[in-house]
Amino acid sequence: METTGKNFVTVEKSTTSKIDQIDFDNLSFGSVFTDHMLVCNYKNGAWEAPQVVPYGPLTLDPSAKIFHYGQSIFEGMKAYKDTEEKVWLFRPLDNHKRLNISAKRLAIPEIPEEFFMKGLKTLLKTDENWIPKQDGSSLYIRPFIFASGQGFHASPADEYKFMICLAPSGAYFSGKVKVLIEEKYSRSANGGVGYAKAGGNYAGQFYPTQLAVEKGYNQVIWTDDNTHEYIEEAGAMNIFIRINDTLITGPTSDRILDGITRKSILEIAKDQNINVEVRKITVSEVVEAAKNGSLKEMFGAGTAAVISPIATFGYKGTDYDLPELPESYASSLKKLITDIQYNRSEDKFGWRFEA
Ligand SMILES: Cc1ncc(COP(=O)(O)O)c(C=O)c1O
């Protein structure tokens, strides 16, 4: 193995590459991984220098606290390649900030910005050839931190790993998205961890989502845990609803993830003079709007799925179809945000970041 790089982030290059085995024209989402990964260990009260190493399995003690107490958090970001092969990130410092918000809530040590950004940039440079150029594809970036420290005592670990893995990816959803508005289960509660990207938040969604999938839906739309009357968010997306010409999304809270796509869409929409409301939305309001024809659009927004129009929602045994609009907010907002991400337009918001 060749070892390059000095000082801060070290690079140990893989002697072989899997890149020739990848069909970049038919990428699914998050299922193939690049040749390298970033590993940064927390020991003796401090983060050690990040290392780029060949991608591969880890060895962990069976008593590592991640397995028992679920101390694990993650982020989701993307790298985009423009037509001149320049590589771009979208609001990466916001992902770093949010990772540390999650870290604090899970009693995990925060990762310094320099470790996150320099580690990410070095990894991206090392696996630059893996960033897809195909339209609609990108390199999905998964930073995560978990408790590697040992022991069966139910208390925070004394050792952690911060890692980043990369997955060249195509679309998150293919085809029409059909969602079920949840009436029984909850993904989060007041005072809980809903606002953090904690692994356990997602594990808790799998069973209710499986039940929805068995009924023919792709996703659950979560409602508030107390009354199930308010629309909150979807599995990995915030939700927008268009009633007549007003675009509405719920306020963030300690139950809802403060999505970077969500807040970007809010700014872009305002800039486009779209009437935007951030307020609580009741399920009955949405059902009523579907019945009287004022419900024009529903879409999910998130890094992985970008903007995903919802074709149908189900509630209390009835399916409601959304109209197919020739000029939807979803498609115009998606174009505006992806044009910024892929460096196809001016970025007056200052969100694009050269990797
Ligand atoms: C629960 C949840 N809501 C919303 C989002 C969208 O957030 P972002 O736009 O930052 O990707 C995600 C994805 O990160 C998520 O997991």
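What you see is a predicted model; the values in this text were computed from it and never measured.

*Asks:* Help me out: how do you make sense of helix H4 (residues 199–214) in this one?
*Replies:* With 16 residues, H4 extends 23 Å from end C-alpha to end C-alpha; this agrees with the ideal 22 Å at 1.5 Å per step. Its maximal kink placed at Phe206, H4 deviates by approximately 35°, while the proline Pro208 follows within four residues. Turning to H4, its buried residues number three or more, namely Asn201, Tyr202, Gln205, Pro208, Thr209 and Ala212. At its buried positions, H4 is contacted by strand S6 (72–74), strand S11 (177–181) and strand S12 (219–223).

*Asks:* For this particular structure, what's the right way to read the site of the ligand?
*Replies:* Every one of the 16 residues lining the ligand counts as a neighbour, but Lys197, Tyr202, Glu233, Thr261 and Thr303 are closest to it. Here an oxygen atom of the ligand and a side-chain polar atom of Arg98 are 2.7 Å apart. The side chain of Glu233 places a nitrogen or oxygen atom 2.5 Å from a nitrogen atom of the ligand. Protein coverage of the free-state accessible area of the ligand, which is 380 Å², stands at 97%. At the level of secondary structure, the elements contributing two or more residues to the shell around the ligand comprise helix H5 (260–271) and strand S17 (295–302).

*Asks:* Honestly, the nonpolar core in this entry has me stumped. Any pointers?
*Replies:* In globular proteins that are soluble, nonpolar side chains generally tend to be buried together. Within the largest apolar cluster, 39 residues are counted, with the highest numbers of intra-cluster contacts made by Trp47, Ile141, Ile145 and Phe162. When residues of this core are traced back to their parent elements, those giving at least two are strand S3 (36–43), strand S7 (77–81), strand S8 (87–90), helix H2 (92–105), helix H3 (113–126), strand S9 (138–147) and strand S10 (160–169). Per-element accounting of this core gives the leading share, six residues, to H3. Once residues within four sequence positions are removed from consideration, Ile141 is found in contact with Glu75, Gly76, Met77, Lys78, Ala79, Leu89, Leu120, Leu124, Ile164, Cys165 and Leu166. Counting residues in hydrophobic clusters, the runner-up holds 25 residues, among them Met237, Ile243, Ile248 and Ile281.

*Asks:* Explain the side chain of Lys78 here, please?
*Replies:* Here Lys78 lies in strand S7. At 12 Å, Asp135 is the nearest oppositely charged side chain to Lys78, a buried residue that forms no salt bridge. Among the polar contacts listed, one links the side chain of Lys78 to the backbone oxygen of Thr303, at a separation of 2.8 Å. Lys78 has contacts with Trp88, Leu89, Phe90, Ser138, Leu139, Tyr140, Ile141, Thr303, Ala304 and Val306, leaving out every residue within four places of it along the chain.

*Asks:* Explain the packing of H2 against H3 to me, please; I cannot follow it from the model alone.
*Replies:* Each pair of packed helices gets described by two things: the angle between the helix axes and the distance between those axes. In contact at an axis separation of 10 Å, H2 and H3 are set at 130° when each is read in the N-to-C sense. Looking at the two axes, H2 sits oblique to H3. Regarding H2 and H3, the two cross each other, and that crossing is right-handed. Contacts between H2 and H3 pair Pro92, Leu93, Asn95, His96 and Leu99 from the former with Glu113, Phe116 and Met117 from the latter.

*Asks:* Explain the packing of aromatic side chains to me, please; I cannot follow it from the model alone.
*Replies:* How two aromatic rings sit relative to each other is set out by the distance from centre to centre and by the angle between their planes. A complete count under the given rule lists 16 aromatic pairs for this structure. An angle of 5° between the planes, with centres 5.4 Å apart, marks the rings of Phe33 and Tyr55 as stacked. You can see Phe33 sitting in the loop between strand S2 (10–13) and S3 and its partner Tyr55 sitting in the loop between strand S5 (51–54) and helix H1 (65–69), a full 22 residues away along the chain. In this structure Phe33 comes out as partly exposed when scored by relative accessible area, which is 30%. Assessed through its relative accessible area of 32%, Tyr55 is described here as partly exposed. An aromatic cluster is defined as three or more aromatic residues linked by ring pairs; in this entry it consists of Phe29, Tyr140 and Tyr172.

*Asks:* Please clarify how unusual backbone geometry should be interpreted in this entry.
*Replies:* Leave glycine aside and you will find that most residues have negative phi; peptide bonds, for their part, are mostly trans. For Ala107, which is not glycine, the phi dihedral falls at a positive 55°. Tracing the chain through its elements places Ala107 in the loop between H2 and H3. Classification of Ala107 by relative accessible area gives partly exposed; the value is 40%. The backbone of Asn273 sits at a positive phi, close to 60°, despite the residue not being glycine. With respect to the helices, strands and loops of the structure, Asn273 is situated in the loop between H5 and strand S16 (275–278). A residue is classified by how much of its surface remains accessible, and Asn273, at 72% relative accessible area, is exposed.

*Asks:* Would you mind showing me how to read the domain arrangement of the protein here?
*Replies:* Examined at the domain level, the protein breaks down into domain 1 (2–169) and domain 2 (177–341). Computed from C-alpha coordinates alone, the two centres of domain 1 and domain 2 are separated by 28 Å. Across the boundary between the two partners, domain 1 contributes 20 residues, which contact 22 residues of domain 2. Interface area, domain 1 with domain 2, both sides summed: about 1,800 Å², of which 60% is carbon and sulfur. The largest contributions to the domain 1 side of the interface with domain 2 come from Phe90, Arg98 and Arg105, which together make up 35% of the buried area. Linking domain 1 with domain 2 are one salt bridge, by the criterion used here. Two residues, Lys263 and Asp94, come together in a salt bridge whose shortest N-O distance is 2.9 Å. One can count eleven residue pairs in polar contact (both at pLDDT 80 or more) joining domain 1 with domain 2.

Quick notes on the rules
Residues numbered from 1 in each chain as written. Predicted model: local features only at pLDDT ≥ 70, side-chain atom pairs only at ≥ 80, totals over all residues. Heavy atoms only, no water. Helix = DSSP H or I, 4+ residues; strand = E, 2+ residues; numbered from the N terminus. Expected span 1.5 Å × (residues − 1). Bend = angle between axes of the 7 residues up to and from the residue. Buried < 20%, exposed > 50% of the residue type's maximum accessible area, 1.4 Å probe, protein only. Contact = heavy atoms within 4.5 Å. Near = heavy atom within 4 Å. Polar contact = N/O pair within 3.5 Å; in protein donor to acceptor, adjacent residues only side chain to side chain. Areas by Shrake-Rupley, 256 points an atom, 1.4 Å probe, with all protein chains shown as cover. Core = buried A, V, L, I, M, F, W, Y, C linked by side-chain atoms within 4.5 Å. Lys, Arg positive; Asp, Glu negative; His and termini not counted. Salt bridge = Lys/Arg side-chain N within 4 Å of Asp/Glu carboxyl O. Axes fitted to C-alpha atoms, helices over the stretch in contact; angles between N-to-C directions. Parallel < 35°, antiparallel > 145°, perpendicular 65-115°, else oblique. Left-handed = near helix turned anticlockwise from the far one by under 90°. Phe/Tyr/Trp six-rings, centres within 6.5 Å; stacked < 30°, edge-to-face > 60°. Domains from an automatic or database assignment. Buried area = accessible area lost by both parts, 1.4 Å probe.

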